[in-house]
Amino acid sequence: MGTALSSEVPFRLSPVILWLGIVSMVTDVSSESVSAILPLYVTGFLGLSTIAFGVIDGINQGASAIVRIAAGWAADRTGHPKRIALAGYGLSMLARIGFLFAGGFWAIAAIVTADRIGKGIRTAPRDALISVSAQPQHLARSFGVHRMLDNIGAAAGPLIAFFVLLMIPNGFSTVFVVSLAFAVIGVAVLGLVVPDIQAKALKGSGAREGHRLFAFSWSHLKEPCLGKLLIAAGLLGLATIGDGFIYLVLQDRDSFAVQWFPLLFVGTNVVFLALAIPMGRLADRVGKIPVFVAGHVALLATYLLAAAPFGGLWATVGCLVLLGAFYAGTDGVLAALASQLTPSGKLATGIASAQTVVALTRMLASAGFGVLWYAVGASTAMLLAGALLAGAVLAVVFILRGAKRAVPADVSDDA
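Residues numbered from 1 in each chain as written. Predicted model: local features only at pLDDT ≥ 70, side-chain atom pairs only at ≥ 80, totals over all residues. Heavy atoms only, no water.

Peer 1: Tell me about the packing of aromatic side chains, residues and numbers included.
Peer 2: Centre distance and the angle of the planes are the two values used to describe a pair of aromatic rings. All chains considered together, the criterion is met by 15 aromatic pairs. Measuring from ring centre to ring centre gives 6.4 Å for Tyr 247 and Phe 261, while their planes differ by 85°; the resulting arrangement is edge-to-face. With Tyr 247 in helix α12 (residues 243-254) and Phe 261 in helix α13 (residues 261-286), the pair connects residues that are 14 residues apart, well separated along the chain. Considered together, Tyr 247 and Phe 261 belong to a single accessibility category, that of buried residues. (Phe/Tyr/Trp six-rings, centres within 6.5 Å; stacked < 30°, edge-to-face > 60°. Helix = DSSP H or I, 4+ residues; strand = E, 2+ residues; numbered from the N terminus. Buried < 20%, exposed > 50% of the residue type's maximum accessible area, 1.4 Å probe, protein only.)

Peer 1: Quick one: what's the story with the nonpolar core, residue by residue and with numbers?
Peer 2: Membership of the largest hydrophobic core comes to 115 residues, with the highest contact counts inside it found for Ile 108, Tyr 247, Tyr 303, Phe 369, Met 382 and Leu 389. Beyond its immediate sequence surroundings of up to four residues, Leu 389 is in contact with Leu 236, Ala 239, His 296, Leu 299, Leu 300 and Tyr 303. (Core = buried A, V, L, I, M, F, W, Y, C linked by side-chain atoms within 4.5 Å. Contact = heavy atoms within 4.5 Å.)

Peer 1: Just give me the short version of the environment of Phe 105, but keep the residues and values in it.
Peer 2: Mapped onto the elements of the fold, Phe 105 is located in helix α7 (residues 105-133). For the pair Phe 105 and Leu 46, spaced 59 residues apart in the sequence, the C-alpha separation amounts to 8.4 Å. When residues no more than four places from it in sequence are discounted, the contact partners of Phe 105 are Leu 48, Ala 52, Val 55 and Ile 56.

Peer 1: Can you break down helix α5 (residues 68-78) residue by residue, with the values?
Peer 2: With nine of eleven residues buried, α5 is to be regarded as a mostly interior element. Taken residue by residue, α5 has Arg 68, Ile 69, Ala 71, Gly 72, Trp 73, Ala 74, Ala 75, Asp 76 and Arg 77 as its buried positions.

Peer 1: Give me the packing of helix α2 (residues 15-35) against helix α9 (residues 172-192): which residues, what numbers.
Peer 2: Taken N-terminus to C-terminus, the directions of α2 and α9 make an angle of 165°; their axes are 8 Å apart at the nearest point. The angle between α2 and α9 falls in the class roughly antiparallel. Judged by the twist between their axes, the crossing of α2 over α9 is left-handed. Contacts from Trp 19, Leu 20, Val 23, Val 26, Thr 27, Val 29, Ser 30, Ser 33 and Val 34 in α2 reach Val 175, Phe 176, Ser 179, Leu 180, Phe 182, Ala 183, Ile 185, Gly 186, Val 189 and Leu 190 in α9. (Axes fitted to C-alpha atoms, helices over the stretch in contact; angles between N-to-C directions. Parallel < 35°, antiparallel > 145°, perpendicular 65-115°, else oblique. Left-handed = near helix turned anticlockwise from the far one by under 90°.)

Peer 1: Which residues make up the pattern of salt bridges, and what values go with them?
Peer 2: With the rule as written, the count across this model stands at six salt bridges. Here Arg 147 ties to Asp 127 by a salt bridge, and the two come within 3.2 Å at their closest N and O atoms. In this pair, Arg 147 sits in helix α8 (residues 139-167) while Asp 127 sits in helix α7, placing the two residues 20 residues apart along the sequence. The exposure class assigned to Arg 147 is buried, which follows from its relative accessible area of 4%. (Salt bridge = Lys/Arg side-chain N within 4 Å of Asp/Glu carboxyl O.)

Peer 1: An account of empty space enclosed by the protein is needed here, citing residue identities and associated values.
Peer 2: Inspection of every chain in the model, using the stated rule, returns six cavities of 30 Å³ or more. Each pocket or cavity is described by its volume, and for the largest cavity that value is around 970 Å³. For the lining of the largest cavity, the class distribution of residues is 15 nonpolar, 17 polar and 14 charged. (1 Å grid on protein atoms, 1.4 Å probe; cavity = no way out; pocket = protein on both sides within 12 Å on 5 of 7 lines; lining within 4 Å. Points joined across faces, edges and corners; volume = space filled by probe spheres on them. Nonpolar A, V, L, I, M, F, W, Y, C, P; charged D, E, K, R; others polar.)

All quantities given are derived from atomic positions and should not be read as evidence of function.
Shown next as structure tokens:
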């Protein structure tokens, strides 16, 4: 039934989603230009071990979990998600200044923590704005449009880092300056152009319950289907290592020049960019759960190809294509799925809960993989991660069977 209704209603993109996509685009230029050089900066320029990078990458993956649920709850209760999101974008902008002065493990770890906390503050309120601005029949597609714009920036950031390093060997500080400039632009666009609409959109929700403003509740987790999603996301997150590790494995195998390293991030994000909208449309048509699971199958194939004894250009390209397909099939789809399985009036909190579980488990996965690489080597560690992911995918297929929408809506749609 969801498929038929989805095809009858023409797709219209809300201007709010467009502007949020532009904010995310320039912010991702900022963040991904740094992420593209961070593995090399930590292990090469600073000379730290893979264990140290595993801790930093774990922070990069999971520090945002500290505040995600609180930020989502604050957005629901105050009815001003834009203000919460703006605080998060602003904190990440300020953290960019720290990269200009940091030179050791603890300083880098502290700066990455601040940056990721900023991401944790902004993500759920931003996605809640997308959810209430989108047509219910085209929810995943709307998230796909946002993720497409987001990944234009995610592809451009590493490309900028590549050209900087090509022209200025060891020009890491120049990359940090460029990153700060784009972060400032993103905060300015959000503050000046994006409207704060959710207070009007959530009439009758917790946003208007002034006497209960500080009465936080975990009741949304009692929804059986949302609980299943959180368990499934947690299992898959425990087997999802950071992109930086995958790229370091590829470089360890193929020994290509350092200057080419940022292009690995570009390749993945270009594929994500190309597939974000098609995957969103597919999820709206055939169901979000099958697409979400298929995305993790693509990640499993990435692990196996990265661990293969043969290398070369095409093996590397294959890894990037598969990794981009993984993100296209999971990132926006998870947010759309969580929004459908969350009780009315707690939209941002429900999305934040799913994102928190993913962030925490991926933090553990990255830290554990750093130790595993140090103990058994890159290829063996990747194979063990693949085995863990294969088991998680099989378990999730059974866990998510029968998960359906848990909130009233204007249109029926299978999850």
